[in-house]
Amino acid sequence: MGVLQEKPRRLGGGQFRCSHCGLPQDRVATLEHGWVLLEPDMRPPAHRVPAEHRWIELSDGRVTVYGVCPPDQFQRCRIEHRLACPAQPLPDLWPWLTSLRGENARQAERRDAPKPPPPPPPEEWPDAG
């Protein structure tokens, strides 16, 4: 086998428009012979992404989920477009965070709710003795 002189080609991938938001997304082959739609031109540090959402690019252009914890501090990864899509709800990445977001939403509703008017002052003061 010789040395590869050119960049590895993508295996039938390409860019597609998201049916929810209309933004571009990369269709990339997976190691498991499937496809995943990834956010284009975004490669965050792997340690910042939950293990089950880290897509690591392989030398042949395919990607695979990389669940090693903790990853190398310099490792970069890709994320699925659905995590960044503004038209789709954010999945439940951390159940405690979802609970916190729900409680914060309830607090915000209570804070923003109109306050009832104060009771009218009594006509005369009660006899306190």
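All values reported here derive from a predicted model rather than from experimental measurement.

S.K.: Can you walk me through the environment of Trp55 in this structure?
M.R.: On the secondary structure map, Trp55 appears in strand β4 (residues 55-57). Take Trp55: its relative accessible area is 9%, and that puts it in the buried class. Sequence spacing of Trp55 and Arg76 is 21 residues, and the spatial spacing of their C-alpha atoms is 8.9 Å. For Trp55, the residues in contact, after removing those within four places along its chain, are Thr30, Val36, Leu38, Val63, Thr64, Val65, Cys77, Arg78 and Glu80.

S.K.: I tried to follow the side chain of His53 on my own but got confused; where do I start?
M.R.: Tracing the backbone through its elements, the reader meets His53 in the loop between β3 (35-38) and β4. Leaving out residues up to four positions away in the same chain, His53 has contacts with Arg78, Ile79, Arg82, Leu83 and Leu93.

S.K.: Can you walk me through the pairing of β3 in this structure?
M.R.: For a regular strand, side chains alternate in direction, first toward one face of the sheet and then toward the other. Of the two faces of β3, only one is covered, namely that formed by Val36 and Leu38; the face formed by Trp35 and Leu37 stays uncovered. As judged from the four bridges shared by strand β2 (residues 24-29) and β3, these two strands associate in the antiparallel manner. Each residue of the ladder has a partner; that of Arg27, found in β3, is Leu37.

S.K.: Would you mind going over the confidence of the model for the protein with me for this structure?
M.R.: Detailed reading of predicted coordinates is not advised where the pLDDT is low. Per-residue confidence for the protein averages 81 on the pLDDT scale, and 86% of its residues sit at or above 70. At the level of individual helices and strands, the protein shows its lowest average pLDDT in helix α2 (residues 95-112), which scores 78, and its highest in β3, which scores 96. In this model, residues 1-11 is a region of pLDDT below 50 whose contacts with residues beyond four sequence positions or in other chains number ten contacts.

S.K.: Looking at this model, I keep getting lost on the side chain of Thr64. Mind explaining?
M.R.: Relative to the assigned elements, Thr64 resides in strand β5 (residues 63-65). Among the residues examined, Thr64 registers a relative accessible area of 14% and is labelled buried. Excluding its chain neighbours within four sequence positions, the residues that come into contact with Thr64 are Leu31, Glu32, Arg54, Trp55, Ile56 and Leu58.

S.K.: Before we go on, may I ask you to explain the nonpolar core in this structure?
M.R.: Nonpolar side chains in soluble globular proteins tend to end up buried together. Counting residues in each nonpolar core, the largest one holds seven residues, listed as Ala46, Val49, Ile56, Cys77, Ile79, Leu83 and Leu93. Other than its neighbours up to four places away in sequence, Leu83 contacts His53, Leu90, Pro91 and Leu93. Counting five residues, the second-largest nonpolar core is a separate cluster that includes Val28, Val36, Leu38 and Val63.

S.K.: Is there a simple way to explain the packing of aromatic side chains in this structure?
M.R.: The geometry of two aromatic rings is summed up by the distance between their centres and the angle between their planes. The tally for this structure, following the rule as stated, stands at zero aromatic pairs. Positioned above the aromatic ring of Trp35, the side-chain terminus of Arg27 is 3.8 Å from the ring centre.

S.K.: What is the right way to look at the pairing of strand β1 (residues 14-17) in this model?
M.R.: As defined by bridge partners, β1 adjoins β2 across four bridges and the pair is classed as antiparallel. Bridge pairing links Gln15 to Asp26 in β2.

S.K.: Just to check I follow, could you spell out the sheet that holds β2 for this structure?
M.R.: Hydrogen bonding along the main chain pairs the strands of a sheet, whether they run parallel or antiparallel. Strand order across the open sheet formed by three strands is β1-β2-β3, with antiparallel pairing between neighbours. Bordering the open sheet on either side are β1 and β3, each of which pairs with just one other strand. Across the sheet, the mean angle from the axis of one strand to that of its neighbour is 35°, orientation sign disregarded.

Conventions adopted
Residues numbered from 1 in each chain as written. Predicted model: local features only at pLDDT ≥ 70, side-chain atom pairs only at ≥ 80, totals over all residues. Heavy atoms only, no water. Helix = DSSP H or I, 4+ residues; strand = E, 2+ residues; numbered from the N terminus. Buried < 20%, exposed > 50% of the residue type's maximum accessible area, 1.4 Å probe, protein only. Contact = heavy atoms within 4.5 Å. Pairing = 2+ DSSP bridges. pLDDT = per-residue confidence, 0-100. Core = buried A, V, L, I, M, F, W, Y, C linked by side-chain atoms within 4.5 Å. Phe/Tyr/Trp six-rings, centres within 6.5 Å; stacked < 30°, edge-to-face > 60°. Lys NZ or Arg CZ within 6 Å of the ring centre and 35° of its normal. Axes fitted to C-alpha atoms, helices over the stretch in contact; angles between N-to-C directions.

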